[in-house]
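# Commentary on secondary and tertiary structure
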Amino acid sequence: MRIIVTGATGFIGHYLLKKLNVSHELTILSRNENLAEEIANTEISCYSYDFTRESEKLVESYDAIIHLASQRPIKGKVDSYLDYKQNLDLVSELLVFAVRNSIDKFINISTKAVYGMSRGVLKEDNYLAPTSYYGLSKQQTEEMCNFYANNFGINCINLRLAQVIGYGELQQNIVTTFINNATKKK
């Protein structure tokens, strides 16, 4: 299977590349081509998100797009919707690209932030009420995917992640702090 992956330089993307590269042909789209090329090997092509400049190079036949990339909140920064507008813009460009190139599988990684400040067990059918610009932008990317699924026949899957935990995670939270302390026998 030939797959385009965005967000390959991120925490999830880095590990996903290692798994997928074993049995699939991958192409990375990144805003940081140098870092992406360091992560990728010679078997993985790497291009910029700049579709106006790069789309001619991506006319080869692809089977799927896995969209992991996202502008995430920066702790302590006062933000506005404009800080996250690129989340919707990129999904829109990727979906247009998918339609033009007959790519009918699209996986969009979303977040529990679409639920807002929900406490307790989250279920897919919980009411969506984002309380942050980030959550709002991710809700809109999900709606864009649903629109393309309903109107253009793209098999679009929105996966909402709650907390990503694993080796090498950049953010320090209670779980990673516990793991780090446990490995140091603290």
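This section reports on the structure supplied with the text.

About the thresholds
In every chain, residue numbers begin from 1 and rise along the written sequence. Confidence filtering applies because this is a predicted model: local features only for residues at pLDDT of at least 70, side-chain atom pairs given and counted only at 80 or more, and all residues used for totals across whole chains, interfaces and linings. To get the side-chain values, take all heavy atoms of the structure and skip hydrogens and water. Here a strand is any run of E in DSSP of at least two residues, a helix any run of H or I of at least four, and the numbering for each starts at the N terminus. For a helix, the expected span equals 1.5 Å multiplied by the residue count minus one. Under the scheme applied here, a residue whose accessible area is under 20% of the maximum for its type counts as buried, over 50% as exposed, and between as partly exposed, the area being computed with a 1.4 Å probe on protein chains only. It only takes one pair of heavy atoms within 4.5 Å for two residues to be counted as in contact. By nonpolar core we mean a set of buried residues, namely Ala, Val, Leu, Ile, Met, Phe, Trp, Tyr and Cys, connected to one another through side-chain atoms within 4.5 Å. The rule for pairing is simple: two strands pair if DSSP sees at least two bridges between them. In this analysis, axes come from line fits to C-alpha atoms, helices being fitted only over the stretch in contact, and the angle between any two N-to-C directions falls in the range 0 to 180 degrees. Looking down the strands as they point away from the viewer, one classifies a crossover as right-handed if the path from the first strand across the helix to the second runs clockwise. Note on aromatic contacts: the rings of Phe and Tyr and the six-membered ring of Trp form a pair at centre separations within 6.5 Å, being stacked when their planes are under 30 degrees apart, edge-to-face when over 60 apart, and tilted otherwise. Over a ring means this: the NZ of a Lys or the CZ of an Arg is within 6 Å of the ring centre and within 35 degrees of the ring normal.

Over its 16 residues, helix H4 (residues 85-100) runs 23 Å from end to end, which matches the ideal 22 Å to within 8%, given 1.5 Å per residue. Three or more residues of H4 are buried, namely Asn-87, Leu-88, Leu-90, Val-91, Leu-94, Leu-95, Phe-97 and Ala-98. Two residues or fewer past H4, Ser-102 is found with a positive phi of approximately 55 degrees.

With 20 residues, helix H5 (residues 133-152) should cover 28 Å at 1.5 Å per step; its first-to-last C-alpha distance of 28 Å lies within 8% of that length. Within H5, the full set of buried residues consists of Tyr-134, Gly-135, Ser-137, Lys-138, Gln-139, Thr-141, Glu-142, Cys-145 and Tyr-148. Where H5 is buried, its residues contact H4, strand S5 (105-111) and strand S6 (155-161). Phi turns positive one or two residues past the end of H5, at Gly-153, with a value near 75 degrees.

Let's shift gears to the environment of Gln-163. Examined against the element boundaries, Gln-163 turns out to sit in the loop between S6 and helix H6 (174-183). When the C-alpha atoms of Gln-163 and Thr-111 are compared, they prove to be 8.6 Å apart, with 52 residues separating the residues in sequence.

All right, on to the nonpolar core then. The tendency in soluble globular proteins is for nonpolar side chains to be buried as a group. Judged by nonpolar contacts, the single largest core of 19 residues is most densely connected at Ile-4, Ile-65, Leu-95, Ile-103, Phe-106 and Ile-154. Going through the elements one at a time, H4 and H5 are the ones with two or more residues in this core. Ranked by residues supplied to this core, first place goes to H4 with six residues. When sequence neighbours within four positions are dropped, the list of residues in contact with Ile-65 reads Ile-4, Leu-94, Phe-97, Ala-98, Ile-103, Lys-105, Phe-106 and Ile-107. Counting 13 residues, the second largest nonpolar core, distinct from the first, contains Val-5, Ile-28, Ile-44 and Ala-64.

Okay, the pairing of S5 next. The side chains of a regular strand alternate, first on one face of the sheet and then on the other. Burial within S5 is extensive, with five of its seven residues counted as buried. In terms of strand pairing, S5 meets S6 through seven bridges, oriented parallel. Residue pairing in the sheet places Phe-106 in a bridge with Cys-156 of S6.

Let us now look at the sheet that holds strand S3 (residues 45-48). Taken together, six strands build an open sheet; the order of strands is S3-S2-S1-S4-S5-S6 and the sheet is parallel. Single-partner strands in this sheet number two, and they are S3 and S6. The sheet shows a mean angle of 20 degrees between the axes of neighbouring strands, taken without regard to direction. Alignment of strand S4 (residues 64-67) against S5, held across four bridges, turns out to be parallel. The partner of Ile-65 across the bridge, within S5, is Phe-106. Here helix H1 (residues 11-20) sits on the sheet and contacts strand S1 (2-6), strand S2 (25-30), S4 and S6; the angle it forms with S2, its principal contact strand, is near 160 degrees. Across the face of the sheet, H5 comes into contact with S5 and S6 while running at roughly 160 degrees to S5.

Alternating residues of S4 divide into Ala-64 and Ile-66 and Ile-65 and His-67, and every residue in both groups is buried. Sheet topology note: the S1/S4 ladder contains four bridges and is parallel. Each bridged residue has a counterpart across the sheet, and for Thr-6 the counterpart in S4 is His-67. Handedness of the crossover joining S4 and S5 through H4: right-handed.

What follows is about the packing of aromatic side chains. Scanning all chains against the criterion turns up five aromatic pairs. Taking 6.3 Å as the distance between ring centres and 65 degrees as the angle between the ring planes, the aromatic pair formed by Phe-147 and Phe-152 counts as edge-to-face. With relative accessibility at 44%, the residue Phe-152 sits in the partly exposed group. Taken together through their ring pairs, the aromatic side chains of Phe-147, Tyr-148 and Phe-152 make up a single cluster. The cationic tip of Arg-2 hangs over the ring face of Tyr-62; the distance from NZ or CZ to the ring centre is 4.6 Å.

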